Amino acid sequence: MSEYNLSFEKDNNPRRMPEGHFRAFVSNYPKFSTFVAFYQDAVEILYRRVSEGNDMPDMVAFPLLFLMRHALELGYKYSLFHLCALNSTTFDPGNMERHSLVKLHKRLGVEYYAALGNGAFPESDKESFEKYYALTASSMKRFEDLDTSSTRTRFPNNDESPAFSHEANVNLLELKNEFDDAMVLLTTMADVIGEYDYPDWGYY
């Protein structure tokens, strides 16, 4: 029986941290806002590998694009959960609008203006919302065109059904700038929701 060559094993604890340092209490974070923050932080860490010249864009593109898209989807669904509760409309985070960022963006506008009309938000916030809502619309279409079903950046697919056309490429700097603009919109919505101290419906 041959022995494994242990010299190729990775040292996953180079600083010899205590075992408890690596224990993640994943059951402690059931809320949308926490998930959004964690995924957004992961985007920043991964993008920094390219922006600081430590990696080529190809090496991080798929996980980075997936994390960006998922953070955006969570951000929309977080806002919509609260807006729909305000408006007594249906919210299902697993099924509502599925994974379509374009549809989620449109629904955000519908629910925001309904809440505004009901007096839930002051008119003073409207101008800021409209600015970033308009700015973000084209970005959501771009992210959706890149990965309509949220599967292209997760699975390579086969040669008969390629995920991307031959020589397809993306500019990670442009997409990161658009991601940041969208997160301004979604963070602003979260701040507005928090400012008016709505009850805890279990998802923030």
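Residues numbered from 1 in each chain as written. Predicted model: local features only at pLDDT ≥ 70, side-chain atom pairs only at ≥ 80, totals over all residues. Heavy atoms only, no water.

### With respect to the side chain of Arg-69
Inspection of the secondary structure assignment puts Arg-69 in helix H2 (residues 57–87). Here the side chain of Arg-69 touches His-99 through a polar contact of 3.0 Å, landing on its backbone oxygen. Here Arg-69 is in contact with His-99, Leu-101, Phe-143, Glu-144, Asp-147, Thr-148 and Ser-150, once residues within four sequence places are set aside. (Helix = DSSP H or I, 4+ residues; strand = E, 2+ residues; numbered from the N terminus. Polar contact = N/O pair within 3.5 Å; in protein donor to acceptor, adjacent residues only side chain to side chain. Contact = heavy atoms within 4.5 Å.)

### Comments concerning the packing of H2 against helix H4 (residues 126–146)
Running from amino to carboxyl end, H2 crosses H4 at an angle of 130°, the nearest separation of the two axes being 11 Å. In terms of their interaxial angle, H2 and H4 are classed as oblique. Note on packing geometry: the crossing formed by H2 with H4 is left-handed. In this structure, H2 contributes Leu-65, Met-68, Arg-69, Leu-72 and Tyr-76 to the contact, and H4 contributes Thr-136, Met-140, Phe-143, Glu-144 and Leu-146. (Axes fitted to C-alpha atoms, helices over the stretch in contact; angles between N-to-C directions. Parallel < 35°, antiparallel > 145°, perpendicular 65-115°, else oblique. Left-handed = near helix turned anticlockwise from the far one by under 90°.)

### Considerations on the environment of Ala-182
Position of Ala-182 among the secondary structure elements: in helix H5 (residues 172–195). Classification of Ala-182 by relative accessible area gives buried; the value is 0%. Residues Ala-182 and Gly-75, spaced 107 residues apart in sequence, show a C-alpha to C-alpha distance of 9.2 Å. Other than its neighbours up to four places away in sequence, Ala-182 contacts Leu-72, Thr-136 and Met-140. (Buried < 20%, exposed > 50% of the residue type's maximum accessible area, 1.4 Å probe, protein only.)

### A look at the nonpolar core
Counting residues in hydrophobic clusters, the biggest one holds 43 residues, and the most contacted among them are Leu-64, Leu-72, Tyr-76, Leu-108, Phe-143 and Phe-179. Looking at this core, the element that brings in the most residues is H2, giving 14 residues. When sequence neighbours within four positions are dropped, the list of residues in contact with Phe-143 reads Met-68, Arg-69, Leu-72, Leu-101, Leu-175, Glu-178 and Phe-179. (Core = buried A, V, L, I, M, F, W, Y, C linked by side-chain atoms within 4.5 Å.)

### Considerations on the layout of surface pockets
Taken as a whole, the largest pocket spans an internal volume of roughly 280 Å³. If you go around the largest pocket, the residues you meet are Pro-57, Asp-58, Ala-61, Phe-62, Leu-65, Leu-146, Phe-164, Ala-168, Asn-169, Val-170 and Leu-172. The element best represented in the lining of the largest pocket is H2, accounting for 5 residues. (1 Å grid on protein atoms, 1.4 Å probe; cavity = no way out; pocket = protein on both sides within 12 Å on 5 of 7 lines; lining within 4 Å. Points joined across faces, edges and corners; volume = space filled by probe spheres on them.)

### Examining H4
Its 21 residues give H4 an end-to-end C-alpha distance of 30 Å, which sits within 8% of 30 Å, the value for a rise of 1.5 Å per residue. Remark: the principal bend of H4, roughly 30°, maps to Thr-136. What H4 keeps buried is the set Phe-129, Tyr-133, Thr-136, Ser-139, Met-140, Phe-143, Glu-144 and Leu-146. (Expected span 1.5 Å × (residues − 1). Bend = angle between axes of the 7 residues up to and from the residue.)

### Things to note about the packing of aromatic side chains
With the rule as written, the count across this model stands at 5 aromatic pairs. Measuring from ring centre to ring centre gives 5.9 Å for Tyr-113 and Phe-129, while their planes differ by 90°; the resulting arrangement is edge-to-face. Taken together, the positions of Tyr-113 in helix H3 (residues 101–117) and Phe-129 in helix H4 put the pair 16 residues apart, joining distant regions of the chain. Judged by relative accessible area, Phe-129 falls into the buried class, the value being 4%. One aromatic cluster is present, formed by Tyr-112, Tyr-113, Phe-121, Phe-129 and Tyr-133 through successive ring pairs. Just above the ring of Tyr-47 sits the side chain of Lys-176; from NZ or CZ to the centre is 5.3 Å. (Phe/Tyr/Trp six-rings, centres within 6.5 Å; stacked < 30°, edge-to-face > 60°. Lys NZ or Arg CZ within 6 Å of the ring centre and 35° of its normal.)

### Focus on unusual backbone geometry
Residue Arg-16 is not a glycine yet carries a positive backbone phi of 55°. As for its position among the elements, Arg-16 is in the segment before helix H1 (32–51). Accessibility expressed as a relative area gives 57% for Arg-16, which makes it exposed. A positive phi angle, close to 55°, is found at Ser-88, a residue other than glycine. Note that Ser-88 resides in the loop between H2 and H3. Look at Ser-88 and you get exposed, because its relative accessible area is 67%.

### Comments concerning H1
The periodicity of an α-helix, 3.6 residues per turn, causes residues three or four places apart in sequence to face the same way. For H1, which comprises 20 residues, the first-to-last C-alpha distance of 28 Å matches the rise-based estimate of 28 Å (1.5 Å per residue) to within 8%. Within H1 the residues assigned to the buried category are Phe-32, Thr-34, Val-36, Val-43, Leu-46, Tyr-47 and Val-50. Directly beyond the C-terminal end of H1, a positive phi value near 80° is found at Gly-53.

Function-wise, these values are silent; they only describe arrangement.
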